[in-house]
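Below, each chain spelled out in residue letters.
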Amino acid sequence: MPSVLSLLTDPDEFFRRQESDPSLKGPLVVILAVVAIDVVAAVLQSRFTSQLFEGAGVGSGLVAFVQAFTYLFVIAGPFVIWLLYAGLFHAISVVFGGEGDFSTTFALVGWGFVPSVFGSAVGIPITYYRFNVRGIDVPSEITQESMQQFNRAVQTGPMVALTAALGIVFTLWCAFLWTFALKHARTLDVRQAALTVAVPVLIAVLLSLRTLLVALEVL
């Protein structure tokens, strides 16, 4: 498998080499690494989720179903996001006269998720501290007021803000790599590739920015 270090230090040269043989093996390893780390984060959060459902009087069968669905979402999510980004980039690049197979776009965009591996890894201690050290009070009685307080505790605070801010940083890092990926996958110049990447990434950044502002209680 090609050196990840060369991807981070010289992405232009890395993707130039990859475009001639766009194997899915390396990108699959990258996405599976994201999945594995996200599953660990979900496990760390599962005890809190169980307490929440117990406080609401939800039956154990429904709790098991919801947790199973959560793990399915965590496992499938990165693959869906990979396909979504690749599809959007490939479609938008048509505006700039992009040429090349979708399979090449898909493979090279997958390599661009390497920063997400680091982002997910950084999120592990934050998740552990937030749910297992600091903790969030689960309401013992479900009322409108108690749920409003609970939702506020879940959506605000320094840990939520830090997670959102890091999400923006790692998304922009991915965007930098995707620019060179699209340059070589779709035969574009750097400006065209950057504009291709800009719109989907901007939407993702704005969503994270909204989460950050809510966490800081600006919104």
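It should be emphasised that the depicted structure is a prediction, and the values quoted were computed from it without experimental measurement. (Residues numbered from 1 in each chain as written. Predicted model: local features only at pLDDT ≥ 70, side-chain atom pairs only at ≥ 80, totals over all residues. Heavy atoms only, no water.)

Visitor: Tell me what's going on with the pattern of salt bridges, and back it up with residues and numbers.
Guide: All told, the structure shown has 4 salt bridges when counted by the stated rule. Put simply, Arg152 and Glu217 hold a salt bridge, and the shortest N to O gap is 2.9 Å. With a gap of 65 residues between them, Arg152 in helix H7 (residues 144-155) and Glu217 in the segment after helix H9 (190-215) connect regions that are remote in the sequence. Among the ionic contacts, a cluster of salt bridges with common partners joins Glu13, Arg16 and Arg17. (Salt bridge = Lys/Arg side-chain N within 4 Å of Asp/Glu carboxyl O. Helix = DSSP H or I, 4+ residues; strand = E, 2+ residues; numbered from the N terminus.)

Visitor: Give a description of the side chain of Thr179 that names residues and reports values.
Guide: Here Thr179 shows up in helix H8 (residues 158-185). Overall, Thr179 belongs to the buried group, its relative accessible area being 11%. What Thr179 contacts, discounting residues up to four positions off in sequence, is Val190, Ala193, Ala194 and Val197. (Buried < 20%, exposed > 50% of the residue type's maximum accessible area, 1.4 Å probe, protein only. Contact = heavy atoms within 4.5 Å.)

Visitor: Could you give an account of the packing of aromatic side chains, with specific residues and numbers?
Guide: Counted by the stated rule, this structure contains 12 aromatic pairs. Members of the aromatic cluster, joined through ring pairs, are Tyr85, Phe89, Phe113 and Trp178. (Phe/Tyr/Trp six-rings, centres within 6.5 Å; stacked < 30°, edge-to-face > 60°.)

Visitor: Provide a residue-level description of a nonpolar patch on the surface, including the pertinent values.
Guide: A grouping of Leu62, Phe65, Phe69, Leu72 and Phe73 is seen on the molecular surface, where their side chains present a nonpolar patch of about 600 Å² in accessible area. Take Leu62: it is sitting in helix H4 (residues 60-93). (Patch = residues over 30% accessible without salt bridge, like charges linked within 9 Å, V, L, I, M, F, W, Y side chains within 5 Å. Areas by Shrake-Rupley, 256 points an atom, 1.4 Å probe, with all protein chains shown as cover.)

Visitor: Tell me what's going on with the nonpolar core, and back it up with residues and numbers.
Guide: With 37 residues, the main nonpolar core has Phe15, Phe89, Val109, Phe113 and Trp178 as its most contacted residues. In terms of residue count, the dominant contributor to this core is H8 (9 residues). Not counting chain neighbours up to four residues away, the residues in contact with Trp178 comprise Tyr85, Phe89, Val109, Gly112, Phe113, Val197 and Val201. Core analysis: the next-biggest nonpolar cluster, separate from the first, contains 5 residues, Val160, Ala161, Ala164 and Ala215 among them. (Core = buried A, V, L, I, M, F, W, Y, C linked by side-chain atoms within 4.5 Å.)

Take it as geometry only, folks, not as evidence of what the structure does.
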